[in-house]
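As a plain string of letters, each chain reads:
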Amino acid sequence: MNDPLVARMRGFGTTIFAEMSALAVRTGSINLGQGFPDTDGPAAMLERAASAVREGHNQYPPGPGVPELRQAVSEHRKEHYGLAYDPDGEILVTVGATEAVAASVLALCEPGDEVIAFEPYYDSYAAAIALAGAVLRPVTLRPDGGRFTFDPAELRAAAGPRTRAILVNSPHNPTGTVLTRAELSEIADLCRERDLVAVTDEVYEHLTFDGVEHVPLATLPGMRERTVTISSAGKTFSVTGWKTGWVCAPPELVRAVQTVKQFLTFTAAAPWQLAVAHGLRHEMEWVAALRDGLQAKRDRLGAGLAAAGFDVYRPAGTYFVQADIRPLGLADGLVLTRDLPSLAGVVAIPTQVFYARPERGAHFVRFAFCKKDEVIDEAVHRLTRLGETEGDTE
């Protein structure tokens, strides 16, 4: 039988996260690849989920999401960013941010439409665009002054007559950059001039460091009415397995996304929604402590990677550190990460898989620091072995 998979998806295969996490299990390596913490979220929020199960919230909740969570999201956006969203019509609960991104792209893009995304990008973006039959137009983030940023001229050059939308992820996975107000203004200018819809992935919105501000694109002039804002509970509350996300947007954009979403999963699990509503209302001090702890872990891992010989980029947000492997005499991150379990007993993610043009990121490797201190310390100890390895992995 010929390959039954539709042609537009044949280039994707198994996600790098599944591949590397399976490699970690198979080899008994420390997993600094997939971005999930090894500690749980706030105890009272976990108990609210358990009590919701015991109380019988185990059947289909409303398709748009339980009213308690939609109201809590509305209150949260208003309190933190001054953005007012009607919980009845401008907020949609999804099965994590990944579904929200996919449903948004499928809802807004016709076959042949173009979608701009900044590379390196989270791998589901390219898959969602392919599923829609749309075309990805990448704009490369490059190191500049110790952080990753884009060239405004390249952004404008990426916009053509078929461009329909732009995907914006800030705080950015995998580079850890947090787009500045000036950078976001460049994006907003383009959206207004070319009548583009912006789809923003803001799942790390509360995990920024060194006092760096997260600015939602929807807060910029003329952007609320053309922005689909996406966030989720997984990273904010260390419950990545709950897969509870949400969309905030004007009614016509929410209706479009919900039209698609209802035929993907229809609705999201009720107990988690009720627990997340509690979290948004009562656990933000816990989140602030999480952020401070992650900043210390970032510094801990970054210092260890630098001591092991990597060139390290200090992230302003997220769970991740970008490391340049060239000072170690290496050039291919994909080869290195597949060999790393045997070389050092550690698993990481090759950043090149997040590029439309992999050669642009071949020398970068992503390490996650959302782990216990003792796990980070042991991983760093093991990685010092790489400094004793000579030669190129190519």
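These figures come from a predicted structure and were not determined experimentally.

Participant: I'm lost on the UniProt feature "domain: Aminotransferase class I/classII large" (unreviewed entry) in the protein chain in this one. Help?
Facilitator: UniProt marks residues 30-383 with the feature "domain: Aminotransferase class I/classII large" (unreviewed entry), using the numbering shown here. When the span residues 30-383 is considered, its composition is 40% helix and 18% strand, and the gap between its end C-alpha atoms is 11 Å.

Participant: I tried to follow the nonpolar core on my own but got confused; where do I start?
Facilitator: Inside soluble globular proteins, nonpolar side chains tend to come together where they are buried. Ranked by internal contacts, the top residues of the largest apolar core, which has 65 residues, are Val-228, Val-247, Leu-301, Phe-310, Leu-340, Phe-367 and Leu-383. Sorting elements by how many residues they give to this core places helix H4 (residues 96-108) first, with 7 residues. No fewer than three residues from each of domain 1 (7-41 + 284-388) and domain 2 (59-282) sit in this core. Aside from chain neighbours lying at most four places away, what touches Leu-340 is Gly-345, Val-346, Ala-348, Phe-367, Leu-383 and Leu-386.

Participant: Sorry if this is basic, but what is going on with the confidence of the model for the protein chain here?
Facilitator: Predicted coordinates in areas of low pLDDT are best not read in detail. Chain-level statistics for the protein chain give a pLDDT mean of 95 and a share of 98% at 70 or above. Predicted confidence is poor over residues 390-394, with pLDDT under 50, and the contacts of this stretch with residues over four places away or in other chains come to 13 contacts.

Participant: Would you mind going over the packing of helix H2 (residues 43-54) against helix H9 (residues 270-282) with me for this structure?
Facilitator: For any two helices packed against each other, one specifies the inter-axial angle together with the distance between the axes. The geometry of H2 relative to H9 is characterised by a closest axis approach of 8 Å and an angle of 145° between their N-to-C directions. Relative to H9, the crossing made by H2 is right-handed. The residues of H9 that touch H2, namely those facing Ala-44, Met-45, Arg-48, Ala-49, Ala-52 and Val-53, are Pro-271, Trp-272, Leu-274, Ala-275, Val-276, His-278 and Gly-279. Its residues assigned to classes, the contact of H2 with H9 comprises 10 nonpolar, 2 polar and 1 charged.

About the cut-offs
- Residues numbered from 1 in each chain as written.
- Predicted model: local features only at pLDDT ≥ 70, side-chain atom pairs only at ≥ 80, totals over all residues.
- Heavy atoms only, no water.
- UniProt positions renumbered as here; feature names shortened; annotations may be inferred.
- Helix = DSSP H or I, 4+ residues; strand = E, 2+ residues; numbered from the N terminus.
- Core = buried A, V, L, I, M, F, W, Y, C linked by side-chain atoms within 4.5 Å.
- Buried < 20%, exposed > 50% of the residue type's maximum accessible area, 1.4 Å probe, protein only.
- Domains from an automatic or database assignment.
- Contact = heavy atoms within 4.5 Å.
- pLDDT = per-residue confidence, 0-100.
- Axes fitted to C-alpha atoms, helices over the stretch in contact; angles between N-to-C directions.
- Left-handed = near helix turned anticlockwise from the far one by under 90°.
- Nonpolar A, V, L, I, M, F, W, Y, C, P; charged D, E, K, R; others polar.

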